[in-house]
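# Structural overview
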Amino acid sequence: MVDLEFPPTRAAALDRLAAFLPEAGARYEAMRNTDGGPARATTSRLSPFLRHRLLTEQEVVERVLQSHGRAASAKFVQEVLWRTYWKGWLELRPAVWSRFVAARDEHLRSLRDPRALREAEEGRTGIEGFDDWARELVAHGYLHNHARMWFASIWIFTLRLPWELGADFFLRHLVDADPASNTLSWRWVAGLQTAGKTYLATAENIARFTNGRFSPHGLACEATALTEPPVPAAGKLPLSESVQGDAPALLLVTPEDMNPESLFASPGSFRAVVVAREEPSLRGAHARAFVGEAVADTAARAAARYGAPATCVASLDAETILRAASAASVRRVVTPYAPVGPVADAVSALEAALAREGIALARVRRRWDDALWPHALRGFFPFREKAPSLVAGLIGR
Ligand SMILES: Cc1cc2nc3c(=O)[nH]c(=O)nc-3n(C[C@H](O)[C@H](O)[C@H](O)COP(=O)(O)OP(=O)(O)OC[C@H]3O[C@@H](n4cnc5c(N)ncnc54)[C@H](O)[C@@H]3O)c2cc1C
């Protein structure tokens, strides 16, 4: 069953954006740090839609700027830019994702105290707030940003559990589970992302921003940054391919970008559309349920837009895609660029299998990503300095 809180269609995403717009200015800035619990939203709760691009960052930023102007929108736009920044940062350093996956798997293999991990995940540590968030996450697939920060901090510095297993717990339950935002936020709390700078959750801060709902005892009083071997230097973005020309193609949509209409604006030469759930890459029930329904919505929109038959499939398995290409009589597959993570890995494996059959695969990146990601070279603040002029160039303001 899909969580009713996040109906997985573009129409529902647009409705939520419209309902949130009046709040996106001063009210968001004043309220965004307060976690009112699952029933009281103080933020947009647009993250599952943005994560799978049922809504794009560009259209959300554009609508908020139109409604509130630059000054009053600044806080909200900044938060959306955090997402873009994390995506770009990881894209320039894919080894940080591979390192996380390897360390997580190693911790799972060699876990010394499985009981402590189980108690943390089941919300049975006895720590007020933490236990509630663990259960809230499993039940709803969502936590407020501040609760995610407190939870990660307590996990790392009070319970002294490996951060990679906490990040994994989030990936298995968040409906917006994202390789970049999740991994890099956990690293940030642990003091790895901004070397030496950690995030320490305190009882006072939790009590203040939960309106007194929680005031835990016994939290760590200090947070000493974790350490690691140096992170590889930023590389370059792989080239984005163009879809100019009218050679007939199969459009392949993945859960990384379920809004092909805004990427390939003209009907072009798509003879058929395949929308892949790519279930192996979705580790949690909430995200699987969300994507499971969003594929049907995406297929219907794509079929209407391109006047081509659209089918939904479970995975990016080469045989399925080859069959679809052959049925459409095409030797070219075009897909929205999938950023670092399991879907990108599956697309790479597919590309190799298609190439063996003489079929080319083209990955096409959005202008937003092309313009902003290359600037995720250092910390967020230099990125934020550059962003307004780049965003203005994209949306013509
Ligand atoms: C430990 C930890 C793990 C996280 N894991 C994820 C994750 O897997 N997926 C994910 O989308 N976000 C993640 N975040 C970021 C953030 O908590 C969520 O994006 C936000 O809570 C979503 O709620 P919202 O849509 O109401 O946000 P709003 O405050 O309304 O913000 C609007 C949009 O901006 C983006 N955004 C806001 N804050 C952040 C942020 N700090 N970092 C990155 N993007 C942000 C999101 O796309 C969000 O939908 C994590 C944060 C922490 C501290």
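Counting restarts for each chain, with residues numbered from 1 along the sequence as it is written. Confidence filtering applies because this is a predicted model: local features only for residues at pLDDT of at least 70, side-chain atom pairs given and counted only at 80 or more, and all residues used for totals across whole chains, interfaces and linings. Each side-chain value is derived from all of the structure's non-hydrogen atoms; neither hydrogens nor water enter the calculation.

## Looking at the sheet that holds strand 4 (residues 332-336)
Adjacent strands of a sheet pair through backbone hydrogen bonds, lying either parallel or antiparallel. Pairing is parallel across the open sheet formed by five strands, whose spatial order is 3-2-1-4-5. The strands lining the two open edges of the sheet, one partner per strand, are strand 3 (310-313) and strand 5 (360-364). Between one strand axis and the next, the sheet turns through 25° on average, direction left out of account. By the convention used here, residues are in contact when the closest approach between their heavy atoms is within 4.5 Å. Axis angles are defined between N-to-C directions and span 0 to 180 degrees, where every axis is a line fitted to C-alpha atoms and, for a helix, only to the segment in contact. For the purposes of this entry, the term helix denotes a DSSP run of H or I that reaches at least four residues, the term strand denotes a run of E that reaches at least two, and both are numbered from the N terminus. Strands in contact with helix 13 (residues 285-306) are strand 1 (249-253), strand 2 (270-276) and strand 3; relative to strand 2, the strand with the most contacts, it is inclined by about 170°. Against the sheet, helix 15 (residues 342-356) engages strand 1, strand 4 and strand 5, with an angle of about 150° to strand 5. The criterion for strand pairing is that DSSP finds at least two bridges linking the strands in question.

## Some points on the environment of Thr183
Of note, Thr183 is situated in helix 10 (residues 179-190). Each residue's exposure class comes from its accessible area (1.4 Å probe, protein chains only) as a fraction of the maximum for that residue type: buried when under 20%, exposed when over 50%, partly exposed otherwise. A relative accessible area of 0% places Thr183 in the buried class. Once the C-alpha coordinates of Thr183 and Gln193 are considered, the two residues, 10 residues apart in sequence, prove to be 9.7 Å apart. In this structure, Thr183 is in contact with Trp97, Phe100, Trp163 and Asp178, ignoring residues within four places of it in sequence.

## Points about the nonpolar core
Counting residues in hydrophobic clusters, the biggest one holds 106 residues, and the most contacted among them are Trp133, Phe151, Trp155 and Trp186. By residue number, the principal contributor to this core is helix 4 (residues 57-92), which donates 14 residues. In this view, Trp155 contacts Leu117, Ala120, Glu121, Phe130, Arg160, Leu161, Pro162, Trp163, Leu165, Gly166, Phe169 and Trp186; residues no more than four positions away in its chain are not counted. We define the nonpolar core as a collection of buried residues of types Ala, Val, Leu, Ile, Met, Phe, Trp, Tyr and Cys that are connected through side-chain atoms lying within 4.5 Å of one another. Leu250, Leu316, Val343 and Ala346 belong to the second largest nonpolar core, which has 22 residues in total.

## Description of the pairing of strand 5
By the criterion of burial, strand 5 is predominantly enclosed, with four of the five residues buried. As paired strands, strand 4 and strand 5 are joined by five bridges and run parallel to one another. What sits directly across from Arg332, in strand 5, is Ala360. As a crossover connection, the stretch from strand 4 through helix 15 into strand 5 is right-handed. If you view a crossover with the strands going away from you and the path from the first strand over the helix to the second runs clockwise, you call it right-handed.

## Focus: the site of the ligand
By convention in this text, a residue qualifies as near a molecule or strand provided that one of its non-hydrogen atoms is within 4 Å of it. Neighbouring residues of the ligand: 27 residues in total, closest Tyr28, Thr43, Ser44, Arg45 and Asn145. Look at the ligand: alone it shows 820 Å² of surface, and the protein chains cover 97% of it. Think of a 1 Å grid over just the protein atoms. A cavity is a set of points where a 1.4 Å probe fits yet cannot get out, a pocket is an open set with protein on both sides within 12 Å along at least five of seven lines, and lining residues have an atom within 4 Å of a point. Molecule-in-pocket calls rest on the fraction of atoms, with more than half required to lie within 2 Å of the cavity or pocket grid points. Put simply, the ligand lies in the largest pocket. When contributions to the shell around the ligand are tallied by element, the ones reaching two or more residues are helix 3 (47-51), helix 4, helix 8 (145-158) and helix 10. Each residue is assigned to one class: nonpolar for Ala, Val, Leu, Ile, Met, Phe, Trp, Tyr, Cys and Pro, charged for Asp, Glu, Lys and Arg, and polar for all the others, Gly among them. When its residues are assigned to classes, the shell around the ligand shows 14 nonpolar, seven polar and six charged. No fewer than three residues from each of domain 1 (1-93 + 367-397) and domain 2 (106-209) sit in the shell around the ligand. Surface exposure here means Shrake-Rupley accessible area, sampled with a 1.4 Å probe, where a residue is shielded only by the protein chains that are shown. Domain start and stop positions are those given by an automatic or database domain assignment.

The values reported here are purely geometric and, on their own, carry no functional implication.
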